[in-house]
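# Structural characterization, general
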Amino acid sequence: MPIPQTFSALEHQQKSRDRLWLSGLSVLLLLIGVLSLSAGERWLWPDQWLSSEARLFVWQLRLPRAIAVILVGASLAVAGSVMQSLFENPLAEPGLLGIANGAGVALVFCVMLSHGFMPVWAMSIAAVAGALIVTAFLLYVARKRLLTNARMLLVGVAIGIVCSALMTWAIYFSDNLDLRQLMYWMMGGFGGVDWNQIWLGAMLLPVLLWLIFQGKSLNLLSLGTQQAQQLGISLRAWRFILVLSVGWMVGISVALAGVIGFIGLVIPHILRLCGITDQRRLLPACALSGAAVLLLADVIARIGLYAAELPVGVVTATLGAPVFIWLLVRNGQIR
């Protein structure tokens, strides 16, 4: 009997440690949220939030932006953790399947065909449609050709390269100013987000919440293909559902904020290094951490330059690349 008691005690200790981390990350997200609502060219601290000036800056401009950042950051981090478990690849991240580039191609062609006169909501729908078309094509090829996870990942990478080339050619040969400005937006940014675009963020929420509660199944999938099948997991069905869910979240994230890298790649690895390995706690921890990190990056993007705003994707890449290299050097390899 001492072995089960010891295992039970260790499991209880691990759960307590994970819950402590989740509590700490919740507090961190709350503090960065307060900073996000306060920061800007005109700083407004919480004791000023009921003033007439705050009605515009805090409640009409900064609050919808902060909500969008939180939802996108949480979605990208959770999607990264899901992909790393599903494909058994530590380098898997939301943009690797070419879904984000599919959304970008849809946006580029919409701007070209409409000459910049298409409304924002129509462009957002086009971006989501482009992402879902790429996702559907990827799943169709995987099903028809009975592709393994590794080959499916390679097909996704190839699709992403093709879509990126199409965007580059379209922008290179275009004299449309709107199309060139779209390239800046594709670097990632929340500058145009207000209450009129928050419906896109709301579309992320159901899938995000559903994925957060799939930790038990993802624990089994992370054991490997054969082990998961022996334990009764239908790999084909779960792959279809999870890839579709990731495609949905990536498409909406691109429609809302452009392409933002490194959040889905780095955040799950950092949390695993902190000892959170059980997907039942890793997924909510990824949601909280991804939201907090992207929110902090958005604050830096807003106040980093005087009278200008940096693309958030540039900030996350600048901060994320050194962290990723440090992880590689520290561990020899990412597990």
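What comes next is a walk through the structure. (Residues numbered from 1 in each chain as written. Predicted model: local features only at pLDDT ≥ 70, side-chain atom pairs only at ≥ 80, totals over all residues. Heavy atoms only, no water.)

### Points about the overall build of the protein
The line we're drawing: Where helices and strands are cited, they refer to DSSP runs of H or I of at least four residues and of E of at least two residues respectively, numbered from the N terminus. Each residue is assigned to one of three classes by its accessible area relative to the maximum for its type, calculated with a 1.4 Å probe on protein chains only: buried under 20%, partly exposed between the two thresholds, exposed over 50%. Whether two residues are in contact is decided by their heavy atoms: any pair within 4.5 Å suffices. The protein chains shown are the only cover counted for residues, whose accessible areas, like all others here, come from Shrake-Rupley with a 1.4 Å probe. Charged-residue counts in this description rest on Lys and Arg as positive and Asp and Glu as negative, His and the chain ends being excluded. Where a charge lies is defined by one atom per residue type: Lys uses NZ, Arg uses CZ, Asp uses CG and Glu uses CD.
A count of helical and extended segments in the protein gives 13 helices and 0 strands. Listed by position from the N terminus, the elements making up the protein come as α-α-α-α-α-α-α-α-α-α-α-α-α. Dimensions of the protein, computed from the C-alpha atoms along their principal axes, are close to 70 × 55 × 35 Å. Taken over 335 residues, the protein has a buried fraction of 49%. Contacts in the protein between residues far apart in sequence, at least 24 positions, make up 78% of those at least 6 positions apart. Total accessible area computed for the protein in this model is approximately 16,800 Å², and 69% of it derives from carbon and sulfur atoms. Side-chain charges in the protein split into 21 positive and 13 negative, and the spacing between the mean points of these groups amounts to 14 Å.

### Thoughts on the packing of aromatic side chains
The description of two aromatic rings rests on the distance between their centres and on the angle between their planes. The line we're drawing: Here is the rule: rings of Phe, Tyr and Trp (six-membered ring for Trp) pair when centre to centre is within 6.5 Å. Planes less than 30 degrees apart are stacked, more than 60 are edge-to-face, and the remainder are tilted.
Within the structure shown, the criterion is met by 3 aromatic pairs. Plain terms: the ring middles of Trp49 and Trp59 are 6.0 Å apart, the flat faces sit at 80° to each other, and that makes the pair edge-to-face. With Trp49 in the loop between helix 1 (2–38) and helix 2 (52–86) and Trp59 in helix 2, this residue pair connects regions lying 10 residues apart in the sequence. The exposure class assigned to Trp49 is buried, which follows from its relative accessible area of 14%. Ring geometry for Trp210 and Trp238: centres 6.2 Å apart, planes at 15°, overall stacked. Here the residue Trp210 occupies a position in helix 7 (residues 198–212), and Trp238 occupies one in helix 10 (residues 235–257), the gap between them amounting to 28 residues.

### Considerations on helix 5 (residues 149–172)
Under the convention used in this document: Given a helix with a known number of residues, its expected span is that number minus one, times 1.5 Å.
Under the 1.5 Å per step criterion, the end-to-end length of helix 5 is 35 Å for 24 residues, consistent within 8% with the ideal 34 Å. For helix 5, the set of buried residues is Asn149, Met152, Leu153, Gly156, Ile159, Gly160, Cys163, Met167, Ala170 and Ile171.

### What about helix 11 (residues 263–273)?
Among the 11 residues in helix 11, 8 count as buried, and that is most of the element. Among all positions of helix 11, only Ile263, Gly264, Leu265, Val266, Ile267, Pro268, His269 and Leu271 are buried. Looking one or two places after helix 11, you find Gly275, whose phi comes out positive at around 100°.

### Some remarks on the nonpolar core
The criterion, for reference: Here, nonpolar core means buried Ala, Val, Leu, Ile, Met, Phe, Trp, Tyr and Cys residues that are tied together by side-chain atoms lying within 4.5 Å of each other.
Within the largest apolar cluster, 94 residues are counted, with the highest numbers of intra-cluster contacts made by Val78, Phe190, Leu221 and Ile260. Element by element, the count of residues in this core is highest for helix 2, at 15 residues. Those residues in contact with Val78, other than ones at most four positions away along the chain, are Leu208, Leu211, Ile212, Leu283, Cys286 and Ala287.

### Remarks on the side chain of Ser81
Along the polypeptide, Ser81 turns up in helix 2. Beyond its immediate sequence surroundings of up to four residues, Ser81 is in contact with Gly264, Pro268, Arg272, Gln279, Leu282, Leu283 and Cys286.

### Focus on the packing of helix 3 (residues 99–114) against helix 10
The relative placement of two packed helices comes down to the angle between their axes together with the axis-to-axis distance. Our working rule: Whenever a helix is involved, its axis is fitted only over the stretch in contact; in every case the axis is a line through C-alpha atoms, and angles between N-to-C directions fall within 0 to 180 degrees. Between 65 and 115 degrees an angle is taken as roughly perpendicular, under 35 as roughly parallel, over 145 as roughly antiparallel, and anywhere else as oblique. By definition, any crossing whose near helix is turned counterclockwise from its far helix by less than a right angle is left-handed, and any crossing with a clockwise turn is right-handed. Any residue that is not Ala, Val, Leu, Ile, Met, Phe, Trp, Tyr, Cys, Pro, Asp, Glu, Lys or Arg is counted as polar, Gly included; the first ten are nonpolar and the last four charged.
Close contact between helix 3 and helix 10 brings their axes to 9 Å; oriented N to C, the two are set at 45°. As the angle between them shows, helix 3 and helix 10 are arranged oblique. Judged by the sense of rotation from one axis to the other, the crossing of helix 3 with helix 10 is right-handed. For the pair formed by helix 3 and helix 10, the contact residues are Ile99, Ala100 and Ala103 on the first element and Gly247, Val250, Gly251 and Val254 on the second. When grouped by side-chain class, the residues that make up the contact of helix 3 with helix 10 number 5 nonpolar, 2 polar and no charged.

### Section: a nonpolar patch on the surface
Quick note on the threshold: Here a patch means residues that are over 30% exposed by relative accessible area and free of salt bridges, tied together within 9 Å if like-charged and within 5 Å if nonpolar (Val, Leu, Ile, Met, Phe, Trp, Tyr). Salt bridges are defined by distance alone: a side-chain nitrogen of Lys or Arg within 4 Å of a carboxyl oxygen of Asp or Glu.
Nonpolar side chains collect at one region of the surface, where Phe109, Met112, Leu113, Val162 and Leu166 lie side by side and expose about 470 Å² of accessible area between them. Contributing elements (two or more residues each) for the nonpolar patch: helix 3 and helix 5. Mapped onto the secondary structure, Val162 falls in helix 5.

### Overview of the side chain of Ser253
Cut-off, in case you're wondering: Polar contact is defined as a pair of N or O atoms within 3.5 Å, subject to the rule that within protein one atom must be able to donate a hydrogen and the other to accept it, and that residues adjacent in sequence are counted only when both atoms are side-chain atoms.
By the element assignment, Ser253 lies in helix 10. Overall, the relative accessible area of 2% leaves Ser253 in the buried class. At 2.7 Å, the side chain of Ser253 and the backbone oxygen of Met249 are in polar contact. Ser253 has contacts with Val72, Ser75, Leu76, Leu204 and Gly258, leaving out every residue within four places of it along the chain.

### As for the environment of Phe213
Within the element layout of this structure, Phe213 appears in the loop between helix 7 and helix 8 (215–221). Sequence separation between Phe213 and Gln279 is 66 residues; the distance between their C-alpha atoms is 9.1 Å.

### A word on the pattern of salt bridges
Across all of its chains, the model carries 7 salt bridges by this definition. Put simply, Arg42 and Glu53 hold a salt bridge, and the shortest N to O gap is 2.9 Å. One end of the pair, Arg42, is in the loop between helix 1 and helix 2; the other, Glu53, is in helix 2, with 11 residues separating them in the sequence. Using a relative accessible area of 36% as the deciding quantity, one classes Arg42 as partly exposed. Overall, the relative accessible area of 28% leaves Glu53 in the partly exposed class. Note that Asp278 and Arg281 form a salt bridge whose closest N and O atoms lie 3.5 Å from each other. Look at Asp278 and you get buried, because its relative accessible area is 15%. On the accessibility criterion, Arg281 (12% relative accessible area) is buried. Among the ionic contacts, a cluster of salt bridges with common partners joins Asp18, Asp278, Arg280 and Arg281.

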